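Take a look at the letters that make up each chain.
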Amino acid sequence: FTYKVPLHIINKLKNLITRPEVNNSTSYSTTYLHQHLPMAWRSSGTNNTEMVDKLKRFGVITSEHVEEAFRRVDRKFFVPAGNETLAHSDQPLKEGNVHISAPHIYGSAIEALDLVPNSCTSFLNIGSGTGYVSAIVADILGPNSLNYGVELHDDVIGHCKASLAKWRGASVNENGNISTINFMDDDTPDVHIIKGNGLNILKSEGESVVGYDRIYIGAAVDSAELTNITKLLSPGGILVGPVEDELVKVIRTGVIAQGLEDDEESDEAASLSGLDEEFTSQLLSGVRFAPLAMLPVIYTIIPSNVWNPSIRRFYPNEHRCASMALLMCSNSEIVQPLPRVPTPDERFNAAAMLPKSIWLEILSYTHRRWFAPEQNETDFLKRRLREEKAKTAKAERARREAEARCLAAERERAVYRLLARRWQSRLNALLSQQQESEQGESEQYQHRAAEDLFNLLDAGMGQNNNAVLVGDRSTLAGLRSLMQGELSGVNSEEEEDSSSEDDGEAIEMEEDHSDEEEGDAEEDANEDEDLLEFFADENESVTSGRDRNNSVVMEDVEDLVATGQRSADQPRTVSVSSYDL
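Residues numbered from 1 in each chain as written. Predicted model: local features only at pLDDT ≥ 70, side-chain atom pairs only at ≥ 80, totals over all residues. Heavy atoms only, no water.

Draft legend 1. Region of the structure containing the nonpolar core. Counting 48 residues, the largest nonpolar core has Phe70, Phe78, Tyr132, Ile136, Leu164 and Val240 as the members making the most contacts within it. Looking at this core element by element, the count peaks at seven residues for helix α5 (residues 132–141). Once you skip the residues sitting within four places of it in the chain, tyrosine 132 turns out to touch Met51, Phe70, Val73, Asp74, Arg75, Phe78, Ile100 and Tyr106. One finds Ile215, Leu232, Leu283 and Leu363 within the second-largest nonpolar core, a separate group that totals 32 residues. (Core = buried A, V, L, I, M, F, W, Y, C linked by side-chain atoms within 4.5 Å. Buried < 20%, exposed > 50% of the residue type's maximum accessible area, 1.4 Å probe, protein only. Helix = DSSP H or I, 4+ residues; strand = E, 2+ residues; numbered from the N terminus. Contact = heavy atoms within 4.5 Å.)

Okay, here's the thing in structure tokens:
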């Protein structure tokens, strides 16, 4: 589509299909951005390194941390059984319920998730499948992140656990419908695979209460299902997944402080309950995914972690700082230096009034975002502005690098064109020399043949002139003049050919040459017939009056034609008596 349709038509189509969609209280502003269509299906390789090189070459992967993660997570560990030879081909693979998408789809989706390396981001993979995406995201986010996957089929869960264990040594802990993959190294977070239906995840229980920072959907959903899944996003979270036949990126923008809306937007804001129910959506590309299974209906709860000091690293920085301050205060002395002497009623030390064990119990009831400050519209817009500025600067650097590469490619193309022209001229010169040499050899061969025939005729006319009949001598002389005319005709045709070559008209030269060859063939055939008739008539006239003992010993006319097929080096003998001559 991108290669065959002009760019201005594509731009008009993009503007035409840009539309707002409103589903209940959720506002979607959809912008169609066909970013990665030209690169589709061209990123195959013989190994993982070559595959990633092509993904980067065609612009599917642009971030350095995403590229490194793709290189560290080899796709061959996750493909369905029996498809190992196609592990690095840019195509989807399926065996039963086990399905893995094409690498360029995963590259586009992971780039769109805007993952922050080595952060405490929470990630939810709905329809986790082979675990390929979960492994790449875990490698990027680092050990302080949370990684959950929801899968419905038992055989797919078994394949996922085996694939993750092969990729990086790990042990599997089973707890009911939850399989936890514990990796041996300290740089990879645990991956939790939960058996359930991704369309029936309860929002009011478990980790879903505070939402997830990043969500990826591994199978196609419709607009209504997408609306329910977006409720699992935390403010500022990003969701990427196929909606029908489109790969969509959804961003939950956050909470709007009431009363800060402009008058111009009052009508639109009146229909919204707040920015926490507003989402922006971008279309990344057209895709074709199998639908997410709706049956059986399994209400799925993703369990939340119970806080304790050993897992505090999985919590955001605000939570870690607050809990550390409380625990430090719980160990402090009751008498603390105060900036002023308070009254007895003002003296208050809350940390000292409760022991540490009580604070540990209290903190166990807090979730990951318990101590996160409430974000108003101004703070959220400032943060988004900083993010957009950073993206703009990155895009500007990429544009300058692309322009530099284009300039270098143009220079290289000019050099190659010059080299090609030089080699073409040299080739034409060599071909012309070869043709001239072949023509010279042909002319020499014709002259030698003519000289041999002239010598033979001269020898025949010079032997015993008294015995040669006047008619026969005239016949031989006519044959010699005929051969001279043939030779002069060949020379004149060669001169005409050389003059046409000098004019440089290659097409006319080929047509003239073909016409001359046809004319020569017809003339040769006519001359052969004349010679055959001449020898036949002479044979009949001479045979009637000659003596049997002094007869001419020579081949028949058909034998003469047949002997013409012999090699030129083979000698020919003709015995002619003086009387017959």
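Draft legend 2. Examining the packing of aromatic side chains more closely. Applying the stated criterion across every chain, the model contains five aromatic pairs. Measuring from centroid to centroid gives 5.5 Å for phenylalanine 78 and tyrosine 132, while their planes differ by 55 degrees, and the two rings are tilted. Of this pair, phenylalanine 78 sits in the loop between α3 (64–72) and β3 (93–95) while tyrosine 132 is found in helix α5, placing the two residues 54 residues apart along the sequence. On the basis of relative accessible area, phenylalanine 78 is assigned to the buried category, the value being 0%. For tyrosine 132, a relative accessible area of 0% corresponds to the buried category. Three or more aromatic residues link up through ring pairs in this structure, and these residues are Phe70, Phe78, Tyr106 and Tyr132. Note that arginine 42 overlies the ring of phenylalanine 58, its terminal NZ or CZ placed 4.2 Å from the centroid. Its end group placed over the ring of tryptophan 423, arginine 426 keeps NZ or CZ at 5.2 Å from the ring centre. (Phe/Tyr/Trp six-rings, centres within 6.5 Å; stacked < 30°, edge-to-face > 60°. Lys NZ or Arg CZ within 6 Å of the ring centre and 35° of its normal.)

Draft legend 3. The arrangement of the side chain of lysine 161 in detail. With respect to the secondary-structure elements, lysine 161 resides in helix α6 (residues 154–167). Looking at lysine 161, its side chain comes within polar contact range of the side chain of glutamate 174, at 2.7 Å. Leave out the neighbours within four places in its chain, and lysine 161 touches Val172, Glu174, Ser179 and Ile181. (Polar contact = N/O pair within 3.5 Å; in protein donor to acceptor, adjacent residues only side chain to side chain.)

Draft legend 4. Highlighting the confidence of the model for the protein. Model confidence for the protein is summarised by a mean pLDDT of 75, while 64% of its residues fall at 70 or above. Here residues 16–40 scores under 50 on pLDDT; set against residues more than four positions off or in separate chains, the count is 62 contacts. Across residues 464–471, confidence stays below pLDDT 50; counting only partners more than four residues off in sequence or on other chains, it has eight contacts. (pLDDT = per-residue confidence, 0-100.)

Draft legend 5. Structural context of the environment of asparagine 308. Inspection of the secondary structure puts asparagine 308 in the loop between β13 (278–286) and α9 (317–330). For asparagine 308, a relative accessible area of 27% puts it in the partly exposed group. When the C-alpha positions of asparagine 308 and serine 364 are compared, they lie 6.4 Å apart, and in sequence the two are 56 residues distant.

Draft legend 6. Representation of the pairing of strand β11 (residues 233–243). Along β11, nine of the 11 residues are buried, which leaves the element largely enclosed by surrounding structure. With four bridges joining them, strand β10 (residues 212–217) and β11 adopt parallel strand pairing. Counted as the bridge partner of isoleucine 215 is leucine 239 from β11. Once you follow β10 into helix α7 (residues 223–230) and on to β11, the crossover reads as right-handed. Two strands pair when backbone bridges link them, and β11 and strand β12 (residues 246–252) are joined in this way by six bridges, in the antiparallel orientation. Within β12, the residue paired with proline 242 across the bridge is leucine 247. Turn length for the β11-β12 hairpin, with the two strands adjacent in sequence and antiparallel, is two residues, and the turn residue glutamate 244 shows positive phi of about 60 degrees. (Pairing = 2+ DSSP bridges. Right-handed = clockwise from strand over helix to strand, strands pointing away.)

Draft legend 7. Looking closely at the side chain of serine 89. Residue placement: serine 89 occurs in the loop between α3 and β3. Serine 89 gets classed as buried once you look at its relative accessible area, which sits at 13%. Within the local environment of serine 89, its side chain forms a polar contact with the backbone oxygen of leucine 86, the two atoms lying 2.7 Å apart. Ignoring sequence-local partners within four residues, the contact set of serine 89 consists of Ser44, Gly45, Arg75 and Pro103.

Draft legend 8. Representation of α5. For α5, a buried count of 10 out of 10 residues is recorded, marking the element as mostly surrounded by other parts of the structure. Turning to α5, its buried residues are Tyr132, Val133, Ser134, Ala135, Ile136, Val137, Ala138, Asp139, Ile140 and Leu141. Where α5 terminates, the next one or two residues include glycine 142, which has phi positive at roughly 90 degrees.

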